[in-house]
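Residue-level structural notes
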Amino acid sequence: MASEHQNCLEGVIPNLKRLSLPAMSHYITAEISISKEKKFQLLTLIDTPGLVDGEGVYPFDLNEVLIWLGEQADLILIFFDPVGKANCKRLLDIVLKLKDTRGDNLHFYLSNANLLTNSNESKNVILNIIQEMNLYPGLGGYASNIQAFYIPNPKKSNRYVNQIDKLCATIDEKVDQTVENALKQLEKDCDQIIELITKQFKQSKQNSISNLKIHLKCYLLKIFGFLLPVLFVLSVLLNLLSRNFLLKIFNEKSLNVLLTFSSFLLATWDWIPIENQFYTLLMFLGMCYLSIRVPQRYMRLKPTLSKKSKRKMTLWLQFVKNVAKPKQIQLRKAYSALKASNSENK
């Protein structure tokens with residue numbers, strides 16, 4: 001049952017999966033409210049154990065849990081109990097650890113202020129809390145903003161100053177900020193994904209054209225390396241064979257063209273001094289060999305997207321354009337309507 005309960009909680013609060021403290025799972029309970037008042041449906045409230053000075057022992061590291069939860073939360077509300085007369089050293093030790101990373105999200109309150117007998121006692125309790133906080137470096141700046149509140153009872157007259165509206169306004173403001181940031185980030189992520197995928201497609205197309213040119217140059221060099229030796233051998237054969245024999249293979253017009261080209265090559269060859277012809281032949285054959293081998297070995301092709309990658313990225317692009325961006329617009333409109341509705345109900 002504990003495992004099923006833990007899985008249910010993780011479904012409500014997915015970040016709990018990252019808190020690997022099995023002993024704590026037996027001490028977690030959850031309540032789900034279907035209230036649509038104000039922006040309650042956008043809130044997840046986590047109520048942690050109250051801390052009092054002393055030697056209270058838990059079967060798990062409570063400090064580690066509270067610090068971890070504080071690092072996940074968008075807003076950290078610290079409630080001082082007036083009954084404890086501001087005995088809050090243990091609480092402030094944890095708050096001090098959270099201050100460096102979550103300082104902007106810390107808010108301090110005196111809860112159950114209606115339990116105090118009069119306003120002087122309320123001031124004395126808050127003064128004790130301020131004095132205690134001033135002992136901690138960096139917490140003194142929060143001391144002047146401690147607000148007292150209580151849950152009003154409609155059946156009783158409210159004699160004490162109640163700042164619960166300020167608490168609600170703080171939560172309301174944080175919800176607005178968080179939702180707005182989330183929607184902006186969603187819009188930014190969608191635009192960035194579209195830009196990156198479009199850029200990838202464009203770059204892949206440019207690389208394909210560049211690779212095509214490289215392939216064309218390589219093929220031309222290979223043709224050059226194969227064709228020149230063939231033409232040279234053909235020229236020699238044309239001069240060795242009789243005209244009557246060649247006419248049996250080629251028509252007269254084609255033969256005349258071949259013989260003219262052959263005569264040009266042989267005349268060029270004869271122009272080379274005899275003592276240099278051997279070295280010239282070696283250079284010629286080496287050049288032909290390099291024309292064939294070098295492009296194949298040193299050809300540098302730029303990376304391109306495979307068909308599978310293009311299909312996958314096209315699906316991503318379509319999802320972002322047709323699903324994610326319209327959903328972002330829909331969520332923004334829905335939230336604007338919710339804000340307008342709450343404003344009318346105030």
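Let us look at the structure shown here. Predicted model, so just to flag it, every value in this text is computed and none were measured.

Right, let's talk about the overall build of the chain for a bit. Broken down by element type, the chain carries 10 helices and three strands. The order of α-helices and β-strands along the chain, N terminus first, is α-α-β-α-β-α-α-β-α-α-α-α-α. Burial status across the chain gives 28% buried among its 346 residues. Within the chain, contacts between residues separated by at least 24 positions form 71% of all contacts whose residues are at least 6 apart in sequence. Carbon and sulfur atoms make up 59% of the accessible area of the chain, which totals about 24,400 Å².

With that settled, the discussion passes to the sheet that holds strand β1 (residues 76-80). Two orientations exist for strands paired in a sheet by backbone hydrogen bonds: parallel and antiparallel. Overall, parallel pairing links the three strands, which are arranged β1-β2-β3 in an open sheet. Two strands bound the open sheet, and with one partner strand each, they are β1 and β3 (147-148). Relative to strand β2 (residues 106-110), β1 runs parallel, the two sharing five bridges. Paired with F80 across the strands is L110, a residue of β2. Seen against the sheet, helix α3 (residues 89-102) touches β1 and β2 and runs at an angle of roughly 160° to β1.

Before going further, it helps to spend a moment on the nonpolar core. Counting residues in hydrophobic clusters, the biggest one holds 33 residues, and the most contacted among them are I78, F80, F108, L110 and M133. Put simply, the parts of the chain that give this core at least two residues each are α2 (62-72), β1, α3, β2, α4 (119-134) and α5 (140-143). Sorting elements by how many residues they give to this core places α2 first, with six residues. Other than its neighbours up to four places away in sequence, L110 contacts F80, D81, P82, L116, S122, V125, I126, I129, I146, Q147, A148 and F149.

Let us look at α3. The terminal C-alpha atoms of α3, which comprises 14 residues, lie 19 Å apart, in line with the 20 Å expected from a rise of 1.5 Å per residue. Within α3 the residues assigned to the buried category are R90, L91, L92, I94, V95, L98, K99 and R102.

For the structure on display, the rule yields three salt bridges. The salt bridge partner of R332 is E180, with a shortest N-O separation of 3.0 Å. Linking R332 in helix α10 (residues 307-345) with E180 in helix α6 (residues 164-240), this pair joins segments that are 152 residues apart in sequence. By relative accessible area, R332 is classed as partly exposed at 25%. One salt bridge in this structure joins K325 and D191, with 2.9 Å as the shortest N-O distance.

Two measures describe an aromatic ring pair: the distance that separates the ring centres and the angle between the ring planes. All told, the structure shown has five aromatic pairs when counted by the stated rule. Between F80 and F108 the ring centres are 6.0 Å apart and the planes differ by 10°, which places this aromatic pair in the stacked class. One end of the pair, F80, is in strand β1; the other, F108, is in strand β2, with 28 residues separating them in the sequence. Grouped by ring-pair contacts, the aromatic residues F79, Y109 and F149 constitute a single cluster.

Left-over empty space is what a probe sized like a water molecule reveals as it rolls over the atoms. With the rule as written, the count across this model stands at one cavity of 30 Å³ or more. Counted as a void, the largest cavity has a volume near 30 Å³. Forming the walls of the largest cavity are L231, L234, S235, L238, L258, F261 and S262. The set of elements that each furnish at least two residues to the lining of the largest cavity consists of α6 and α8 (252-271). The leading source of residues in the lining of the largest cavity is α6, at four residues.

Considered for burial, the residues of α2 that qualify are L62, V65, L66, I67, W68, L69 and G70. Contact partners of the buried residues in α2: β1 and α3.

With that settled, the discussion passes to a nonpolar patch on the surface. There is a patch of nonpolar side chains on the surface, built from L216, Y219, L220, I223 and L227 and spanning about 530 Å² of accessible area. Position of I223 relative to the elements: it lies in helix α6.

We now examine the environment of L258. Within the secondary structure layout, L258 lies in helix α8. On the basis of relative accessibility, which here comes to 23%, the residue L258 falls in the partly exposed class. In the structure, L258 is positioned 20 residues away from L238 in sequence and 8.0 Å away in space, judged by C-alpha atoms.

Analysis parameters
- Residues numbered from 1 in each chain as written.
- Predicted model: local features only at pLDDT ≥ 70, side-chain atom pairs only at ≥ 80, totals over all residues.
- Heavy atoms only, no water.
- Helix = DSSP H or I, 4+ residues; strand = E, 2+ residues; numbered from the N terminus.
- Buried < 20%, exposed > 50% of the residue type's maximum accessible area, 1.4 Å probe, protein only.
- Contact = heavy atoms within 4.5 Å.
- Areas by Shrake-Rupley, 256 points an atom, 1.4 Å probe, with all protein chains shown as cover.
- Pairing = 2+ DSSP bridges.
- Axes fitted to C-alpha atoms, helices over the stretch in contact; angles between N-to-C directions.
- Core = buried A, V, L, I, M, F, W, Y, C linked by side-chain atoms within 4.5 Å.
- Expected span 1.5 Å × (residues − 1).
- Salt bridge = Lys/Arg side-chain N within 4 Å of Asp/Glu carboxyl O.
- Phe/Tyr/Trp six-rings, centres within 6.5 Å; stacked < 30°, edge-to-face > 60°.
- 1 Å grid on protein atoms, 1.4 Å probe; cavity = no way out; pocket = protein on both sides within 12 Å on 5 of 7 lines; lining within 4 Å.
- Points joined across faces, edges and corners; volume = space filled by probe spheres on them.
- Patch = residues over 30% accessible without salt bridge, like charges linked within 9 Å, V, L, I, M, F, W, Y side chains within 5 Å.

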